[in-house]
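Listed below, chain by chain, are the residues.
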Amino acid sequence: MTAQTQTTESGLRAWLTAETPHSRGQARMGRVYLGWLAFARNRLAMIGLGIVLLLVLMAALAPLLAPYDPYTQDLSQRLLPPSAAHWLGTDAFGRDILSRILYGSRLTLMIVALVAVTAPVAGLLIGTVAGYLGGWVDAVLMRVTDIFLAFPKLILALAFVSALGPGIENAIIAIAITSWPPYARIARAETITIRKSDFISAARLQGASTPRIILGHVVPLCSSSLIVRVTLDMAGIILTAAGLGFLGLGAQPPAPEWGAMIATGRQYVLEQWWVATMPGIAIFVVSLGFNLLGDGLRDVLDPKGQ
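Going by the annotation in an unreviewed UniProt entry, the name recorded for the chain is Nickel transporter permease, with Azospirillum himalayense given as the source organism. Note on the chain: under the UniProt heading Subcellular location (unreviewed entry), the record states "Cell membrane". Recorded under Sequence similarities (unreviewed entry), the UniProt text for the chain is reproduced unchanged: "Belongs to the binding-protein-dependent transport system permease family. OppBC subfamily."

(A) Layout of a nonpolar patch on the surface. On the surface, Leu-57, Leu-61, Leu-64 and Leu-65 cluster together into a nonpolar patch covering about 400 Å² of accessible area. Checked against the element boundaries, Leu-57 lands in helix H3 (residues 43-60). Owing to a relative accessible area of 49%, Leu-57 belongs among the partly exposed residues under this scheme.

(B) Spatial organisation of the environment of Trp-274. Its place among the elements puts Trp-274 in helix H13 (residues 274-301). Considered as a pair, Trp-274 and Leu-239 are 35 residues apart in the sequence and their alpha carbons are 19 Å apart. Not counting residues up to four positions away in its chain, the partners in contact with Trp-274 are Leu-79, Leu-80, Pro-81, Pro-82, Leu-88, Gly-89, Thr-90, Ile-97 and Pro-279.

(C) Layout of the pattern of salt bridges. Here the structure, examined in full by the defined rule, presents 7 salt bridges. The partner of Arg-95 in a salt bridge is Asp-91, and the shortest N-O contact between them spans 3.0 Å. On the basis of relative accessibility, which here comes to 5%, the residue Arg-95 falls in the buried class. The class of Asp-91 is buried, set by a relative accessible area of 5%. With a closest N to O distance of 2.7 Å, Asp-138 and Arg-188 form a salt bridge. Here Asp-138, found in helix H7 (residues 135-149), pairs with Arg-188, found in helix H9 (residues 168-194); they are 50 residues apart in sequence, far enough to count as distant. A relative accessible area of 13% means that Asp-138 is categorised as buried.

(D) Summary view of unusual backbone geometry. Following Pro-253, the chain continues into Pro-254 via a peptide bond in cis, with omega recorded as 5 degrees. The residue Pro-254 is located in the loop between helix H11 (210-246) and helix H12 (258-265) in this model. The phi angle at Leu-79 is positive, at roughly 55 degrees, despite the residue not being glycine.

Cut-offs used in this document
- Residues numbered from 1 in each chain as written.
- Predicted model: local features only at pLDDT ≥ 70, side-chain atom pairs only at ≥ 80, totals over all residues.
- Heavy atoms only, no water.
- UniProt positions renumbered as here; feature names shortened; annotations may be inferred.
- Patch = residues over 30% accessible without salt bridge, like charges linked within 9 Å, V, L, I, M, F, W, Y side chains within 5 Å.
- Areas by Shrake-Rupley, 256 points an atom, 1.4 Å probe, with all protein chains shown as cover.
- Salt bridge = Lys/Arg side-chain N within 4 Å of Asp/Glu carboxyl O.
- Helix = DSSP H or I, 4+ residues; strand = E, 2+ residues; numbered from the N terminus.
- Buried < 20%, exposed > 50% of the residue type's maximum accessible area, 1.4 Å probe, protein only.
- Contact = heavy atoms within 4.5 Å.

Right, here's the structure in full:
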């Protein structure tokens, strides 16, 4: 590293950590930089971030990383143990398990991404509206939320998928429908503490409308808590999707969905253990990664934790 590079880095670090920022952008970048430093000190959180990034790379590079076609069947190669030719073995149809796990990461990431951009947004809007307006609006919205919370998430998702029909699209819809109530509860609790703040009263006196106050002031302040909750809930979403796939209500054969792969291999679990164990390990590792990442984000974003 040259002296010029070291000088540039030290100047950038001094600009990011300045006690008196000269612009709003500098202040925001400084907060992001300090948050990253606090996050990087948590080794378990960095491990979780590495697992999540590995999942993204697996999904993006699956056609390049997979040694075989995940859908091609070869009955002469069925139920082979892990070897140099098939690192994780083959299933009952002679398909390479490693290739199917790599392609299955695409389905897992798609489920996580679609649920993460639908359920939290719906819960945030419902919770902020209920908490800010109060009265009968709050009572109606929270009673609807209580109805959804009264049922276990997996049982309610099974009911919706049974009504909509099996399939990965319907499974995503069912998981999203059953995932929004906790976010609404968190957003409502945050909004109740924020709506009586002085800056909200000042905005109201200046003539700001209710939608403008909710979207411009309340929602951004509630977002950090929801981001932490979303990250922690990703493991539950993955397990729910795998459970639906295991029961035959999620992704349909021959899609390489991890839960469906476990269901296919459960009858061989005593002798050909790798058929069900390898996708189970994938679910465990990815769920662990999201949990570790969520714990690290909670330490950085939660003011109470700080």
